[in-house]
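Topology and contacts: notes
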Amino acid sequence: MERKMEESTVRDGDTGSETGGEDALVGNVNKLMVSPPGYSGAPRKGHLVFDACFESGNLGRVDYISEFEFDLFIRPDTCNPRFRVWFNFTVENVRETQRVIFNVVNFSKTKSLYRDGMSPVVKSTSRPKWQRLPAKNVYYYRCPDHRRNYVMSFAFCFDREEDVYQFAYCYPYTYSRLQHYLASLERRNLPYLQREQLGLSVQQRRLDLLTITNSDHLSPEKEKKLVFLTARVHPGESPASFVCQGVIDFLVSLHPVAQILRDHVIFKIVPMLNPDGVYLGNYRCSLMGFDLNRHWQDPSPWAHPTLHAVKQLIVQMNQDPRVSLEFYIDVHAHSTMLNGFMYGNVFEDEERVQRQAVFPRLLCQNAPDFSFSNTSFNRDVVKAGTGRRFLGGLLDDTSYCYTLEVSFYSYMTAGSTAPVPYTEETYMKLGRNVARTFLDYYKLSNLINDNRPTHIQSAEVMSQTLDGKDNGVGRDAANKGREKSQGVRH
Ligand SMILES: [Zn+2]
């Protein structure tokens, strides 16, 4: 059953076009040709064909406004009409030099980085690398024609008749892409990497768990320091997958810091907590419409099986006296803030509060796009069911639980005057910087006294080192007060 489903969905979501439509998802447009009203002749070039019946696809409806203008409707999350943010669809049968305006008219959120210059991403058959549209072609405004809803309009000029064009809210990272990536890791037969299936989703997709450590740590006698990382509990937050892959790539690499970390720490990583939601092209919910990041207190094995399995594993490890679970980090993407930043918990004990701030401070030194001043610690009631809050209450006072957020759009660095849009590569780089920060943390806390040299003179390491020297002034100022005024959630 699982096999069958996987095979029928592998369409190489990362490079080519995704135009198949045989396994239609309820509610997505399926090779929909939009011709002028009343037109009954043969289809012509320029009668656009819209499709979202592919993995992580989302487009619910298209209205013809004029030859040059189309209203687009996001398909709500399955079983939860409240969430309409993620879109991902293809357009074909275009005419050369055809100029159009697409209006995305039914976003469920009003606050958006579109106000700050964010733009959708696009690729086409002959140009398979995703790129952001020029910000000057994107408009975000309250529209009198749509009950004063916020509408995001973008202008686009098609230029190659044979190309299939694909547009998305942000760089997609599909379930199949993850499966390909994990399979390629497995083929390397690394002695310090283990992949296992921790469970299955409601639709029988794999819940993967990676364990990265030098294998002598796995003998039962040794006391183990453990770092636990999860991502994609919110399926539309695709940047979280790039960050997570950056963490994994670094930890399995030959970089000297990675080698020391593997000698001293066990990393457990669940790269996709909500595989059904990702597959379906949802923004926030699972197949059954649950925001899984509100169900940590009491996940059900049938309604929230992936969350249930992860929670069980964590609870079980926490009861093992030989395991010291030191970090839990859940990776998300943020739709209104810039930069990378963290949320943490609040404690009565001031010393614990200070200790909790150490990791984000160190990360701020290592990652030019990470902002410490955006990092905040809270105890909001609405976030009680989140992984960070629940585990913060469960684990003992030597553990730290964070949500790591990264902007869907961009970051400010010290001295930069304009935001720098994130790319797939810079998201991954944030992940690598997160991973290497663990060594700084453990050295600072004297938990690792390993004096092997950690600097290799590769161009990349040099640039990371140079990048790390900024003091974060620009990025911090850019975001001041942003969250407070925007009532965001994660
Ligand atoms: Zn989130």
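Residues numbered from 1 in each chain as written. Predicted model: local features only at pLDDT ≥ 70, side-chain atom pairs only at ≥ 80, totals over all residues.

**Some words on the overall build of the chain**
When helices and strands are counted, the chain shows 12 helices and 21 strands. The long-range share in the chain, meaning contacts at least 24 apart out of those at least 6 apart in sequence, stands at 76%. (Helix = DSSP H or I, 4+ residues; strand = E, 2+ residues; numbered from the N terminus. Contact = placed C-beta atoms within 7 Å.)

**Some thoughts on the packing of helix 3 (residues 239-251) against helix 9 (residues 424-444)**
Orientation of helix 3 relative to helix 9, taken along the N-to-C sense of each, is 50°, at an axis distance of 6 Å. The angle between the axes of helix 3 and helix 9 places the two elements in the oblique class. Judged by the sense of rotation from one axis to the other, the crossing of helix 3 with helix 9 is right-handed. Contact with helix 3, carried on its side by P239, F242, V243, C244, Q245, G246, V247, D249, F250 and L251, involves E424, Y427, M428, K429, L430, G431, R432, V434, A435 and R436 of helix 9 and no other residues of that element. For the contact of helix 3 with helix 9, the class distribution of residues is 12 nonpolar, 3 polar and 5 charged. (Axes fitted to C-alpha atoms, helices over the stretch in contact; angles between N-to-C directions. Parallel < 35°, antiparallel > 145°, perpendicular 65-115°, else oblique. Left-handed = near helix turned anticlockwise from the far one by under 90°. Nonpolar A, V, L, I, M, F, W, Y, C, P; charged D, E, K, R; others polar.)

**Looking at the sheet that holds strand 10 (residues 149-157)**
In spatial order, the strands read 3-4-6-10-9; together these 5 strands make up an open sheet with mixed pairing. Either end of the sheet is taken by a strand with one partner, and the two such strands are strand 3 (61-66) and strand 9 (138-143). Strand-to-strand, the axes of this sheet are offset by a mean angle of 25°, without reference to chain direction. As paired strands, strand 4 (residues 69-73) and strand 6 (residues 99-104) are joined by 4 bridges and run parallel to one another. Note that in strand 6 the partner of E69 across the bridge is I101. (Pairing = 2+ DSSP bridges.)

**Considering the pairing of strand 13 (residues 206-212)**
Of all the 7 residues making up strand 13, 5 are buried; the element is thus mostly covered by neighbouring parts of the structure. Count of turn residues in the strand 12 (residues 193-200)/strand 13 antiparallel hairpin: 5 residues, of which Q204 carries a positive phi of about 65°. Pairing between strand 13 and strand 15 (residues 265-270): 3 bridges, direction antiparallel. Note that in strand 15 the partner of L210 across the bridge is I269. (Buried ≥ 20, exposed ≤ 12 C-beta atoms within 10 Å, placed from the backbone.)

**Examining the packing of helix 4 (residues 256-264) against helix 9**
Relative orientation of the contacting elements helix 4 and helix 9 amounts to 60°, with a least axis distance of 9 Å. Read as a crossing pair, helix 4 and helix 9 show a hand that is left-handed. Contacts from V257, I260, L261 and H264 of helix 4 reach helix 9 at R436, F438, L439 and Y442.

**A closer look at the nonpolar core**
Residues V104, L229, V243, C244, V247 and L251 are the most contacted members of the largest nonpolar core, which totals 123 residues. Residue assignment places this core across two domains, with domain 1 (12-168) and domain 2 (175-482) each supplying three or more. Apart from residues lying up to four places away in sequence, L251 is in contact with I212, A258, L261, F267 and A435. (Core = buried A, V, L, I, M, F, W, Y, C linked by C-beta atoms within 7 Å. Domains from an automatic or database assignment.)

**Let's talk about helix 4**
Taken as a whole, helix 4 has its buried residues at V257, A258, I260, L261 and R262. Against strand 13, helix 3, strand 15 and helix 9 lie the buried residues of helix 4.

**As for the sheet that holds strand 13**
Read from one edge to the other, the open sheet built from 8 strands follows the order 12-13-15-14-16-19-17-18, with strand pairing classed as mixed. Both outer strands of the open sheet, strand 12 and strand 18 (376-378), are each paired with one neighbouring strand and no more. With direction set aside, neighbouring strand axes in the sheet form an average angle of 25°. Here helix 8 (residues 387-394) sits on the sheet in contact with strand 14 (224-231), strand 16 (323-334), strand 17 (340-345) and strand 19 (400-407), set at roughly 165° to strand 19.

**Quick notes on the environment of F167**
Within the secondary structure, F167 is located in strand 11 (residues 165-168). Residue F167 is classed as buried on the basis of its C-beta count, with 23 C-beta atoms lying within 10 Å. Remark: the alpha-carbon pair of F167 and G57, spanning 110 residues in sequence, is separated by 9.9 Å. With residues up to four places along the chain from it excluded, the contact list for F167 reads F89, P120 and V122.

**Topic: the UniProt feature "active site" (unreviewed entry) in the chain**
Within this structure's numbering, the places UniProt gives as "active site" (unreviewed entry) are E405. E405 gets classed as buried once you count the C-beta atoms within 10 Å, which come to 28. (UniProt positions renumbered as here; feature names shortened; annotations may be inferred.)

**Here's the deal with helix 9**
With 21 residues, helix 9 should reach 30 Å at 1.5 Å per residue; the first-to-last C-alpha distance of 31 Å fits that figure. One or two positions beyond helix 9, positive phi appears at N446, with a value near 60°. (Expected span 1.5 Å × (residues − 1).)

**Quick notes on the environment of V151**
Within the fold, V151 resides in strand 10. A tally of 21 C-beta atoms within 10 Å means that V151 is categorised as buried. Here V151 is in contact with N103, V104, V105, Y141, C143 and H146, once residues within four sequence places are set aside.

**Notes on unusual backbone geometry**
Positive phi, close to 50°, is recorded for N189, a residue that is not glycine. With respect to the secondary-structure elements, N189 resides in the loop between helix 2 (175-187) and strand 12. The residue Q204 is not glycine, and still its phi comes out positive at about 65°. Considering the arrangement of structural elements, one finds Q204 in the loop between strand 12 and strand 13. With 15 C-beta atoms packed within 10 Å, Q204 lands in the partly exposed category.

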